[in-house]
Amino acid sequence: MEIKALEISSVLKQQIEQFQLTTDFIEVGEIIQVGDGIARVYGLQNVMANELVEFPHGIYGLALNLEENNVGCILFGNDKYLKEGDVVKRTGKVIQVPVGQSLVGRVVNPLGQPLDGKGPIQTDTYSPLERKALGVVARQPVKEPLQTGLKAIDSMIPIGRGQRELIIGDRQIGKSTIAIDTILNQKGQNVYCIYVAIGQKAVSIAKLQKIFEEHGATDYTTIVASTANDPAPMLYIAPYSGASIGEYFRDRGMHALVIYDDLSKHAWAYRQISLLLRRPPGREAYPGDIFYLHSRLLERAAKLSDKLGGGSLTALPIVETQAGDFSAYIPTNVISITDGQIYLEPDLFSGGVRPAINVGLSVSRVGGNAQIKAMKQVAGKLRLDLAQYRELESFAKFSSDLDKTTQAQLTRGQRMVEILKQDQNQTLPVEKQIVVIFLGIQGYLDQLPVSEIHHLEKQFLDFIDTKYSNILQEIREKKVLDDSLQTNMKVACEDFMKSFTRSDDVI
């Protein structure tokens, strides 16, 4: 075989001409201090606030404190694998989470990594963790109801799509139950739900997942779980991650509901991070920007204008009070940001009123705008009846001789409190709520013992379902109680009261 020098030299010349030297610069720094989920890094001169930085062993961190001589980073992994002198790289990207339909029915951590053993999340769509809340022009007033399925809330403290309604009260009195029931009631309503568990026990999250599976709620629900075992930075980013997942649906003209359970633990995690980063403490040792922490999160909930598709993101934040202290720092902050609050009272809970809602201290600043007209017609009188009853109840304890009007108000109030009680995970569609409340406010229950009300309600709903289902259908379609419908409802109530068998009669 003959070697042709000319051919070889021409190929070499061609390759030399085409050769390009590519230089890739990566800005690196080194750890000067690490511990308690915090790393101080020297040398990252051009790092951005909230930029994702890469540590050895696949651990990522977030640049939170940009100081003169070093950068304070919070770590999303175990700091025991890191040591002083380790190299830290910039990624040039702000922290993002996967979003989209592929997250529906999954349990993920705040970084969007799966925790349910069902394989990786199949999505190419990512959204930044922090996004600027939309301005006034991009929004429209809240006027479309988001039904919780709970009579006490849908009748007196209505929630609309795009609203932010706070659920507040002491521990273990049913705050999470209200949120879970609201998610279960969204079945068939085309509302995607995101439940953000902040600092909860892993076993509680597993129980929650089981409840969703049993009620068929996994078809439209995502759980973002940061357990009590996770480092504080994971608890800090969890609600923002949930908001980003919800915004994906909102921005595409769909409806989403996000539950933050709970923001007290979120504030504690942020306080821990801030104190470790040596930020100056303020009231109750919280940093100065604690209000902004929650305001920038909750302002992301909105009902978009029709021009932007009319989608909505509804937020139900939960805040825990200590011994009913309504005026503590975090509760007052969140109350001032939200569009109303549902206050749960320990005395009512221990007295057997479930859900233990204090009607006097609970309010929806959207009000009747977020109710269908039929509910407004029956519930207007209900709130007044209950308010009068609560006032007279304490007065009646000190007086044995009461006039007939006062006695009648007390009788009605006792029965309305009883009719508003509801078992856990037993939500009702709005048309059934309306007929039950109508039965109470029209006085059909006044002659019955209070102990019979619960038994009566079940019988009444079965009776309406079988014999007067046309009434339920009319309420669903018309959404208003006209004269003929009210007459039919009265006929149905009278017919039922004649046939009602008391529980002691059965025995």
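Our subject in this report is the structure included herewith. (Residues numbered from 1 in each chain as written. Predicted model: local features only at pLDDT ≥ 70, side-chain atom pairs only at ≥ 80, totals over all residues. Heavy atoms only, no water.)

### With respect to the pattern of salt bridges
Right, on to step 1. Under the defined criterion, the tally for this structure stands at 27 salt bridges.
Right, on to step 2. Here R106 ties to D116 by a salt bridge, and the two come within 2.8 Å at their closest N and O atoms. Of the two residues, R106 is situated in the loop between β7 (96–98) and β8 (107–108) and D116 in the loop between β8 and β9 (126–128); the sequence distance between them amounts to 10 residues. Summarising the burial analysis for this pair, R106 and D116 share the class buried.
Right, on to step 3. In this structure, R250 engages E247 in a salt bridge whose closest nitrogen and oxygen atoms are separated by 3.9 Å. Linking R250 with E247, this pair stays in helix α5 (residues 232–250), spanning three residues, or about one helical turn.
Right, on to step 4. Here E247 falls in the buried class, since its relative accessible area comes to 1%.
Right, on to step 5. Taken together, the shared-partner salt bridges connect R131, E247, R250, D251 and R300 into one network. (Salt bridge = Lys/Arg side-chain N within 4 Å of Asp/Glu carboxyl O. Helix = DSSP H or I, 4+ residues; strand = E, 2+ residues; numbered from the N terminus. Buried < 20%, exposed > 50% of the residue type's maximum accessible area, 1.4 Å probe, protein only.)

### Focus on the packing of aromatic side chains
Right, on to step 1. Counted according to the given criterion, the structure contains 11 aromatic pairs.
Right, on to step 2. Relative to F500, the ring of F496 has its centre 5.7 Å away and its plane inclined at 40°; by these criteria the two rings are tilted.
Right, on to step 3. With relative accessibility at 2%, the residue F496 sits in the buried group.
Right, on to step 4. On the accessibility criterion, F500 (11% relative accessible area) is buried.
Right, on to step 5. Sitting over the face of the ring of F349, R354 holds its NZ or CZ atom 3.9 Å from the ring centroid. (Phe/Tyr/Trp six-rings, centres within 6.5 Å; stacked < 30°, edge-to-face > 60°. Lys NZ or Arg CZ within 6 Å of the ring centre and 35° of its normal.)

### Topic: the packing of helix α12 (residues 430–441) against helix α13 (residues 453–467)
Right, on to step 1. In contact at an axis separation of 11 Å, α12 and α13 are set at 120° when each is read in the N-to-C sense. With respect to their mutual orientation, α12 and α13 come out oblique. In this structure, the crossing between α12 and α13 has a hand that is right-handed. Where α12 approaches α13, its residues K432, V435, V436 and L439 are matched on the opposing element by L456, E457, F460, L461 and D465.
Right, on to step 2. Residue composition of the contact of α12 with α13, grouped by class: six nonpolar, no polar and three charged. (Axes fitted to C-alpha atoms, helices over the stretch in contact; angles between N-to-C directions. Parallel < 35°, antiparallel > 145°, perpendicular 65-115°, else oblique. Left-handed = near helix turned anticlockwise from the far one by under 90°. Contact = heavy atoms within 4.5 Å. Nonpolar A, V, L, I, M, F, W, Y, C, P; charged D, E, K, R; others polar.)

### Let's talk about the pairing of strand β1 (residues 28–35)
Right, on to step 1. Pairing analysis gives three bridges linking β1 to strand β6 (residues 87–94), with the strands arranged antiparallel. Of the residues in β6, the one forming a bridge with E30 is V87.
Right, on to step 2. Note that β1 and strand β2 (residues 38–42) share five bridges and pair antiparallel. By the bridge assignment for β2, G35 is matched with I38.
Right, on to step 3. The antiparallel hairpin formed by β1 and β2 contains two residues in its connecting segment, where D36 sits at a positive phi of about 60°. (Pairing = 2+ DSSP bridges.)

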